[in-house]
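# Results of the structural survey
Now for the letters of each chain:
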Amino acid sequence: SSGINAEYGDISKAQISREIHHILPILYHRLDFIHWPTKWEKHPFEGVSGIIDCTSHFRNRVHPRQADFYRGDKRRHFITAQNVVDFNGVFLNCVFGNGHNNDMNMFKYTHMDEFLAERDIKLLADQGYRHHRIVRPDYDCSQSWNAKQADLRSLGEVSQGMVKMWNFAADRVRENPEIQDLGLNVCYQLTNYVLQKYPIR
């Protein structure tokens, strides 16, 4: 807040918090840049149509229900974002869940298995996923095959990294989980606005 005070005068943290609580719902309802495609295209590599991955957005403890946001392997409290991106790095879908969910729990929670089956599509993913419509690294395949899988999958990691250029998405959040959800949605929507204009590939 010191930078804000220097530029705009003596603004209290309480006033900044009130403004955040006021503006985020407005932006949430106005920004609409993330959509499933109307037509799915299949990449020459294994006929996949996109990349699925999860990333963590850290936060302070929540009282009560702090266990819902805590994962022992990370030793942190956070919100999990499950993202699907295309091969230009553009976000097609983003869903938030409590941090105790790992990648496969988010996959099941969002009914992605049914979604993929209904549309007869496959997605690239890392080893955190296990499903017949997910193309994971496979060490029974050649080194070049796995290198191609990793290269395409990296698009999702780059896109998620761009979201974390926003401090709200990168830093540990103190606001309640509902406000964090709203703020993260705004960060993803604004990032996708840029990605649609300037695709990664």
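Scroll up a little and you will see the structure.
Notes on the structure in this doc start here. (Residues numbered from 1 in each chain as written. Predicted model: local features only at pLDDT ≥ 70, side-chain atom pairs only at ≥ 80, totals over all residues. Heavy atoms only, no water.)

### Here we look at the pattern of salt bridges
- Enumeration according to the criterion identifies six salt bridges in this entry.
- Of the charged contacts in the structure, one is a salt bridge between Arg71 and Asp73, with a shortest N-O distance of 2.7 Å.
- Among the residues examined, Asp73 registers a relative accessible area of 58% and is labelled exposed.
- In this structure, Asp151 and Arg201 form a salt bridge, with 3.0 Å as the shortest nitrogen-oxygen distance. Here Asp151, found in helix H5 (residues 143-163), pairs with Arg201, found in the segment after helix H7 (177-197); they are 50 residues apart in sequence, far enough to count as distant.
- Bridged by salt links that share partners, the residues Lys42, Asp120 and Arg133 form one connected network. (Salt bridge = Lys/Arg side-chain N within 4 Å of Asp/Glu carboxyl O. Buried < 20%, exposed > 50% of the residue type's maximum accessible area, 1.4 Å probe, protein only. Helix = DSSP H or I, 4+ residues; strand = E, 2+ residues; numbered from the N terminus.)

### A closer look at the side chain of Asn101
- Mapped onto the secondary structure, Asn101 falls in the loop between strand E4 (91-98) and helix H3 (103-109).
- Excluding residues within four positions of it along the chain, Asn101 makes contact with Arg71, Thr80 and Met106. (Contact = heavy atoms within 4.5 Å.)

### Notes on H5
- An ideal rise of 1.5 Å per residue puts 30 Å on 21 residues; H5 measures up with 31 Å between its terminal C-alpha atoms.
- Along H5, the helix axis deviates most sharply at Arg153, where the bend reaches about 25 degrees.
- Those residues of H5 lying buried are Trp145, Asn146, Gln149, Leu152, Arg153, Leu155, Gly156, Ser159, Gln160 and Val163. (Expected span 1.5 Å × (residues − 1). Bend = angle between axes of the 7 residues up to and from the residue.)

### Structural notes on the side chain of His57
- One can find His57 in strand E1 (residues 51-58).
- A polar atom in the side chain of His57 sits 2.8 Å from the side chain of Tyr188.
- Those residues in contact with His57, other than ones at most four positions away along the chain, are Phe78, Ile79, Ala81, Val163, Lys164, Ala169, Gln180, Leu184 and Tyr188. (Polar contact = N/O pair within 3.5 Å; in protein donor to acceptor, adjacent residues only side chain to side chain.)

### What about the packing of aromatic side chains?
- The final tally for this structure, using the stated rule, is nine aromatic pairs.
- On the numbers, 5.2 Å between centres and 45 degrees between planes, the contact of Phe45 with Trp145 is tilted. One end of the pair, Phe45, is in the loop between helix H2 (13-30) and E1; the other, Trp145, is in helix H5, and 100 residues separate them in sequence.
- We classify Phe45 as buried; its relative accessible area is 10%.
- For the ring pair Phe58 and Phe78, a centre distance of 5.6 Å and an interplane angle of 75 degrees mean the geometry is edge-to-face. Taken together, the residues Phe58 in strand E1 and Phe78 in strand E3 (residues 76-85) connect sequence positions 20 residues apart.
- Feature note: the residues Trp36, Trp40 and Phe115 constitute an aromatic cluster, connected by ring pairs.
- One cation-aromatic arrangement involves Lys74 over Phe78; the distance from NZ or CZ to the ring centre is 5.9 Å. (Phe/Tyr/Trp six-rings, centres within 6.5 Å; stacked < 30°, edge-to-face > 60°. Lys NZ or Arg CZ within 6 Å of the ring centre and 35° of its normal.)

Note that every value here comes from positions in space, so none of it alone points to a role or purpose.
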